[in-house]
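One-letter residues, chain by chain:
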Amino acid sequence: MKFIALHSRGGDYLIVASNVAWLRSAENGQTQIGIVGGQPLLVAGSMEEIAAKLVADA
């Protein structure tokens, strides 16, 4: 299990890449991340940036 650090405007998250179900573009250059069994997270960065980080670190 690998944790990936993602930044948001309200704080930082460490998430498990294998628990990411979906990505959705949000306002102001942010992305919503759907987590299996949890509430979506709002993080800073485009979908492409977040996807690249998930793939590179997974």
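Here the structure is a predicted model, which is why all the values come from computation and not from measurement.

Colleague: Just give me the short version of the overall build of the protein, but keep the residues and values in it.
Modeller: Along the protein, the regular secondary structure elements total one helix and five strands. Along the protein, helices and strands appear, N-terminal first, in the series β-β-β-β-β-α. Taken over C-alpha atoms, the radius of gyration comes to 10 Å for the protein, in line with the 10 Å a tight globule of 58 residues would show. A principal-axis box enclosing the C-alpha atoms of the protein has dimensions of 30 × 25 × 20 Å. A sequence separation of at least 24 residues applies to 29% of the contacts in the protein between residues at least 6 apart. Of the roughly 3800 Å² of accessible surface on the protein, a fraction of 53% belongs to carbon and sulfur atoms.

Colleague: Explain the packing of aromatic side chains residue by residue, including any values.
Modeller: Two aromatic rings are characterised by how far apart their centres lie and by the angle between their planes. Tallied over the full model, the rule gives zero aromatic pairs. The cationic tip of Arg24 hangs over the ring face of Trp22; the distance from NZ or CZ to the ring centre is 4.7 Å.

Colleague: Could you give an account of the pairing of strand S2 (residues 11-16), naming the residues involved and the relevant values?
Modeller: Inspection of the sheet shows strand S1 (residues 3-8) paired to S2 by six bridges, in the antiparallel sense. In the strand pairing of S2, Phe3 is matched with Val16.

Colleague: Which residues make up the sheet that holds strand S4 (residues 30-35), and what values go with them?
Modeller: Read across the open sheet, the three strands follow the order S3-S4-S5; overall the sheet is antiparallel. Every interior strand has two partners, whereas the edge strands, strand S3 (20-25) and strand S5 (41-44), have only one. Looking at each pair of strands side by side, their axes are set apart by 30° on average, direction ignored. Taken together, the four bridges between S4 and S5 define a ladder with antiparallel strand orientation. Looking across to S5, one finds that Gln32 is bridged to Leu42.

Colleague: How would you summarise the environment of Val55 if you had to cite specific residues and measurements?
Modeller: Relative to the elements of secondary structure, Val55 occurs in helix H1 (residues 47-57). Here Val55 falls in the exposed class, since its relative accessible area comes to 65%. When the C-alpha atoms of Val55 and Gln32 are compared, they prove to be 17 Å apart, with 23 residues separating the residues in sequence.

Colleague: An account of the confidence of the model for the protein is requested, with residue identities and associated values reported.
Modeller: On average, the protein scores 92 in pLDDT, and the residues at 70 or more come to 97%. Mean pLDDT in the protein bottoms out at H1, which sits at 90, and peaks at S4, which reaches 97.

What counts and what doesn't
- Residues numbered from 1 in each chain as written.
- Predicted model: local features only at pLDDT ≥ 70, side-chain atom pairs only at ≥ 80, totals over all residues.
- Heavy atoms only, no water.
- Helix = DSSP H or I, 4+ residues; strand = E, 2+ residues; numbered from the N terminus.
- Rg over C-alpha atoms; globule rule 2.2 N^0.38 Å.
- Contact = heavy atoms within 4.5 Å.
- Areas by Shrake-Rupley, 256 points an atom, 1.4 Å probe, with all protein chains shown as cover.
- Phe/Tyr/Trp six-rings, centres within 6.5 Å; stacked < 30°, edge-to-face > 60°.
- Lys NZ or Arg CZ within 6 Å of the ring centre and 35° of its normal.
- Pairing = 2+ DSSP bridges.
- Axes fitted to C-alpha atoms, helices over the stretch in contact; angles between N-to-C directions.
- Buried < 20%, exposed > 50% of the residue type's maximum accessible area, 1.4 Å probe, protein only.
- pLDDT = per-residue confidence, 0-100.

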